[in-house]
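Residues per chain are reported as follows:
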Amino acid sequence: MKKKSLISPELHALASQLKDLQAKASALGMFDNTRELVRCPKCGLEEDVTCDGLLITTKPDYHGLDTGLRFAEKPAGTFRCPVCKTRFAGLDEGAV
Ligand SMILES: [Zn+2]
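Note that the coordinates shown come from a computational prediction; the quantities given were computed from them, not determined experimentally. (Residues numbered from 1 in each chain as written. Predicted model: local features only at pLDDT ≥ 70, side-chain atom pairs only at ≥ 80, totals over all residues.)

Could you give an account of the sheet that holds strand 4 (residues 78–80), with specific residues and numbers?
The strand order across the open sheet formed by three strands is 3-4-5, and the pairing between neighbours is antiparallel. In this open sheet, the two edge strands, each paired with only one partner strand, are strand 3 (72–73) and strand 5 (87–89). Where strand 4 meets strand 5, three bridges bridge the pair, whose relative direction is antiparallel. What sits directly across from Thr-78, in strand 5, is Ala-89. (Pairing = 2+ DSSP bridges. Helix = DSSP H or I, 4+ residues; strand = E, 2+ residues; numbered from the N terminus.)

Structural data, given as structure tokens:
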């Protein structure tokens, strides 16, 4: 017996479109809100989002000024600081 989906076809289509939009936003350097912003526990480099929705990283003394560097997320939920190379877990995942 086939299990009936709890999600309507219309809602499923909307979710699919949202996923596409998030992928496009991410490709443009925009923050897609699929995770929390991260901050390096060692050197303090942190992510921020500009009023235009762009994802940037800033140093503690220069808020709002993009360093041009980006945290590498690998594997998912674990981040590597581009400045001091420290690996740490994102806020959702807890300690590594
Ligand atoms: Zn760091």
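Give me the lowdown on unusual backbone geometry, citing residues and values where you can.
Between Lys-74 and Pro-75 the backbone carries a cis peptide bond, its omega angle lying at -10°. One can find Pro-75 in the loop between strand 3 and strand 4. You will see that Asn-33, though not glycine, has its phi angle at about 60°, which is positive. Of the residues examined, Asn-33 has 11 C-beta atoms within 10 Å and is grouped as exposed. The backbone phi angle of Lys-85 is positive, close to 65°, even though this residue is not glycine. Tracing the backbone through its elements, the reader meets Lys-85 in the loop between strand 4 and strand 5. C-beta crowding within 10 Å serves as the criterion here: with 11 such atoms nearby, Lys-85 is assigned to the exposed category. (Buried ≥ 20, exposed ≤ 12 C-beta atoms within 10 Å, placed from the backbone.)

Account for the pairing of strand 1 (residues 46–49), with residues named and values stated.
Sheet analysis places strand 1 next to strand 2 (residues 55–58), joined by four bridges and oriented antiparallel. In the strand pairing of strand 2, Asp-48 is matched with Ile-56. Counted between consecutive antiparallel strands, the loop separating strand 1 from strand 2 contains five residues, among which Gly-53 sits at a positive phi close to 90°.

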